Amino acid sequence: MELSKDDIERVNFVWGIYDSTNEGVDAFYLGDLLRALEMNPTLATIEKMGGTKKKGEKKLMVDEFYPIFAQVIKDKDQGVYEDFIECLKLYDKAEDGHMIGGELTHILLSLGEKLSDAELDEVVKDCMDPEDEDGMIPYVPFVKKVMVRLSDMK
């Protein structure tokens, strides 16, 4: 897949932030680069594309990153807002936009790319509305807040 002129400009802009010395970007930051470009790659995708779990193992140059970015654009293994809402609707028994808060925390701890207890605490504190008297939370605002927080991290 060929990258558009706009894609190349976006990559170059973000790349310049991560590679201010023109010596390449540590592959440890591959996921951060992709997220800064509004992608939501899974950890498996990052690893498959050459991301490393430790700093200092290898560096990437921008010309090596273009094909990685192009591949991730084509990759369907990343979540988008609508996917998250559809998934959480499965837990919406009354079909009223609410689910049990404990179920949501269980999902975050046990499904997909599991969060650590510390990460869960941060997500709950920053993004989850308080439970009502029945232990229910509105999940649409939760997903919106998480998505905004992810874009703020970029």
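Residues numbered from 1 in each chain as written. Predicted model: local features only at pLDDT ≥ 70, side-chain atom pairs only at ≥ 80, totals over all residues. Heavy atoms only, no water.

Per an unreviewed UniProt entry, the recorded name for the protein is Myosin light chain alkali, and the organism is Macrosiphum euphorbiae.

Engineer: Describe the nonpolar core, listing the residues and the values that go with them.
Structural biologist: Among the nonpolar cores identified, the biggest contains 20 residues, and Leu 30, Leu 34, Leu 37, Phe 65, Ile 68 and Phe 69 are the most heavily contacted of them. Counting only elements with at least two residues in this core, the list comes to α1 (5-18), α2 (30-36) and α4 (62-74). It is α4 that provides the largest number of residues to this core, a total of five residues. In this structure Leu 37 touches Arg 10, Val 11, Val 14, Phe 65 and Phe 69, once residues within four positions along its chain are discounted. (Core = buried A, V, L, I, M, F, W, Y, C linked by side-chain atoms within 4.5 Å. Buried < 20%, exposed > 50% of the residue type's maximum accessible area, 1.4 Å probe, protein only. Helix = DSSP H or I, 4+ residues; strand = E, 2+ residues; numbered from the N terminus. Contact = heavy atoms within 4.5 Å.)

Engineer: Can you tell me about the packing of α1 against α4, naming the residues and giving the values?
Structural biologist: One way to put it is that α1 packs onto α4 with a least axis distance of 11 Å and a crossing angle of 125°. One element, α1, and the other, α4, form an angle in the oblique class. As for how α1 packs across α4, the hand of that crossing is right-handed. On α4, the residues that touch Asp 7, Ile 8, Arg 10, Val 11, Asn 12 and Trp 15 of α1 are Val 62, Phe 65, Tyr 66, Phe 69 and Ile 73. Residue composition of the contact of α1 with α4, grouped by class: eight nonpolar, one polar and two charged. (Axes fitted to C-alpha atoms, helices over the stretch in contact; angles between N-to-C directions. Parallel < 35°, antiparallel > 145°, perpendicular 65-115°, else oblique. Left-handed = near helix turned anticlockwise from the far one by under 90°. Nonpolar A, V, L, I, M, F, W, Y, C, P; charged D, E, K, R; others polar.)

Engineer: Can you tell me about the packing of aromatic side chains, naming the residues and giving the values?
Structural biologist: With the rule as written, the count across this model stands at three aromatic pairs. Pairing Trp 15 with Phe 65 gives two aromatic rings, centres 5.5 Å apart and planes at 35°, and the pair type is tilted. One end of the pair, Trp 15, is in helix α1; the other, Phe 65, is in helix α4, with 50 residues separating them in the sequence. Among the residues examined, Phe 65 registers a relative accessible area of 0% and is labelled buried. (Phe/Tyr/Trp six-rings, centres within 6.5 Å; stacked < 30°, edge-to-face > 60°.)

Engineer: Could you give me a rundown of the pattern of salt bridges, with the residues and numbers involved?
Structural biologist: On inspection of all chains with the given rule, the structure shows six salt bridges. Between Lys 89 and Glu 86 there is a salt bridge, with its nearest N and O atoms 3.1 Å apart. Residue Lys 89 and its partner Glu 86 are both found in helix α5 (residues 81-89); the two are separated by three residues, about one turn of the helix. (Salt bridge = Lys/Arg side-chain N within 4 Å of Asp/Glu carboxyl O.)

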